[in-house]
Amino acid sequence: MEVFRELAGLRAALAAAAGEGREVALVPTMGALHAGHIALIEAARRPGACVVASIFVNPRQFGAGEDLSRYPRKELSDIAMLNEAGCDLVWLPPVEAMYPAGFATSIAVGGVSEGLDGAARPGHFDGVATVVAKLFNQVQPARAYFGEKDFQQLAVIRRLVADLDFAVEIVGVPTQRDDDGLALSSRNVYLDEEQRAKAVALPRALGQAARAIAGGTAPDAALAEARATLTAAGFDVDYVELVDAGSLLPDPPADRRRQLLAAARLGSTRLIDNLAVSPTI
Ligand code: PAF
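A brief look at the structure comes next. Chains are numbered independently. Their residues run from 1 in the order of the written sequence. Totals for whole chains, interfaces and linings use every residue, but because this is a predicted model, local features are given only for residues with pLDDT of at least 70 and side-chain atom pairs only at 80 or more, for both listing and counting. Hydrogens and waters are ignored; side-chain quantities use all the structure's heavy atoms.

Turning our eyes to something else, we now look at unusual backbone geometry. The phi dihedral of alanine 32 is positive, around 50°, even though this residue is not glycine. For alanine 32, a relative accessible area of 5% corresponds to the buried category. Backbone geometry places glutamine 140, a non-glycine residue, at a positive phi of 50°. One can find glutamine 140 in the loop between helix 6 (124-139) and strand 5 (143-147). Type-normalised accessible area, obtained with a 1.4 Å probe on protein chains alone, sets the label of each residue: buried when under 20%, exposed when over 50%, and partly exposed for intermediate values. Look at glutamine 140 and you get exposed, because its relative accessible area is 59%. Helix and strand labels come from DSSP, where a helix needs a run of H or I of at least four residues and a strand needs a run of E of at least two; each type is numbered from the N terminus.

The next thing to look at is the side chain of aspartate 273. With respect to the helices and strands, aspartate 273 occurs in strand 9 (residues 269-277). You can call aspartate 273 buried: its relative accessible area is 3%. Engagement of the side chain of aspartate 273 in a polar contact is seen with the side chain of arginine 177, the distance being 2.9 Å. Residues count as neighbours in contact if any of their non-hydrogen atoms are within 4.5 Å of one another. In this structure, aspartate 273 is in contact with Arg177, Ala183, Leu202, Pro203, Leu206, Leu260, Leu261 and Ala262, ignoring residues within four places of it in sequence. Any pair of nitrogen or oxygen atoms within 3.5 Å is treated as a polar contact; in protein, a donor-acceptor pairing is required on top of that, and neighbouring residues in sequence qualify only through side-chain atoms on both sides.

Moving on: the site of the ligand. The near set for a molecule or strand comprises every residue that places at least one heavy atom within 4 Å of it. Every residue near the ligand is listed here: Pro28, Thr29, Met30, Asn58, Gln61, Val131, Phe146 and Gln153. Glutamine 61 places a side-chain nitrogen or oxygen 2.6 Å from an oxygen atom of the ligand. One of the side-chain nitrogen or oxygen atoms of glutamine 153 is found 2.6 Å away from an oxygen atom of the ligand. Relative to its unbound accessible surface of 290 Å², the ligand loses 89% to contact with the protein. Here the shell around the ligand is built from residues that sort into four nonpolar, four polar and no charged. Surface accessibility follows the Shrake-Rupley procedure with a 1.4 Å probe radius. Residue values consider only the protein chains on display as shielding. Amino acids are sorted into nonpolar (Ala, Val, Leu, Ile, Met, Phe, Trp, Tyr, Cys and Pro), charged (Asp, Glu, Lys and Arg) and polar (every other residue, Gly among them).

A few words now on the packing of helix 6 against helix 7 (residues 151-164). Across the interface, helix 6 lies against helix 7 with an axial gap of 10 Å and an inter-helix angle of 55°. By the criterion of interaxial angle, the relationship of helix 6 to helix 7 is oblique. Where helix 6 crosses over helix 7, the two elements pack in a sense that is right-handed. Contacts from Phe125, Val128, Ala129, Val132, Ala133 and Phe136 of helix 6 reach helix 7 at Gln152, Gln153, Val156, Ile157, Leu160 and Val161. For the contact of helix 6 with helix 7, the class distribution of residues is 10 nonpolar, two polar and no charged. The convention used is that axes are lines fitted to C-alpha atoms, helices contributing only their stretch in contact, and that angles between N-to-C directions extend from 0 to 180 degrees. Angles are sorted into four bins: roughly parallel if under 35 degrees, roughly antiparallel if over 145, roughly perpendicular if 65 to 115, and oblique for all others. What makes a crossing left-handed is the near helix being turned counterclockwise from the far one by less than a right angle; a clockwise turn instead makes it right-handed.

Structure representation (structure tokens):
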């Protein structure tokens with residue numbers, strides 16, 4: 001596995017891979033890797049693929065007062081994990097390579113980026129779309145892999161790719177969970193023991209709401225119940241919503257693919273999760 005901190009070196013390695021007829025598969029990350037990221041690498045490792053992982057804590061997707069300065073950084077163990085997982089190339093750009101002096105472009109994806117986390121974290125998805133577009137131009141992958149845990153982010157990236165004609169296939173990979181159901185996230189390390197024990201209320205509340213809605217309970221009642229459960233468990237709830245899984249619009253009819261999305265805080269740690277509502281039951 002080779003690690004690059006300069007674009008010229010990365011591009012030379014990518015050209016060599018293309019010369020061998022290998023298709024480039026990109027796994028963009030912000031580091032602090034866990035089994036969820038490794039599942040992305042494993043999904044990307046198809047025969048003949050050259051798997052590139054990027055590690056870049058993107059300042060443009062953090063709002064004022066968010067956790068940019070304390071976001072976990074674990075470069076050495078990340079590189080070891082990527083090597084072990086069979087990654088081929090690691091792209092570790094310094095901030096100046098991504099945002100040199102004078103950088104003035106921002107990509108705003110409309111529609112799917114506007115509600116939910118887009119409303120709770122103004123500018124967040126502009127930062128995501130801008131850095132992902134830049135990574136696509138740098139790496140020029142045939143496929144790129146993103147976790148379904150960041151369900152709205154995945155929708156934003158699919159919209160970005162469709163609207164701007166990026167020649168990349170976007171592959172969503174199912175959320176990886178701890179044994180008790182908590183979705184894996186780099187931010188879980190912020191939770192102390194007591195908060196970690198409480199955190200399981202998030203996937204449980206979503207599971208209960210999904211079963212209730214699939215079983216015929218009015219969505220508003222199920223959502224109110226989920227919010228109340230989370231509040232009682234010690235969360236500050238940002239939102240628990242039922243949306244159309246494609247458009248992310250609220251109040252989806254029952255014959256559409258429906259997804260529950262939630263964001264809630266335990267202390268200063270903001271957790272997100274989502275769950276499909278089964279069309280039958
Ligand atoms: O999901 C993430 O880790 C980040 O939002 C991404 C896609 C790497 C962009 O910085």
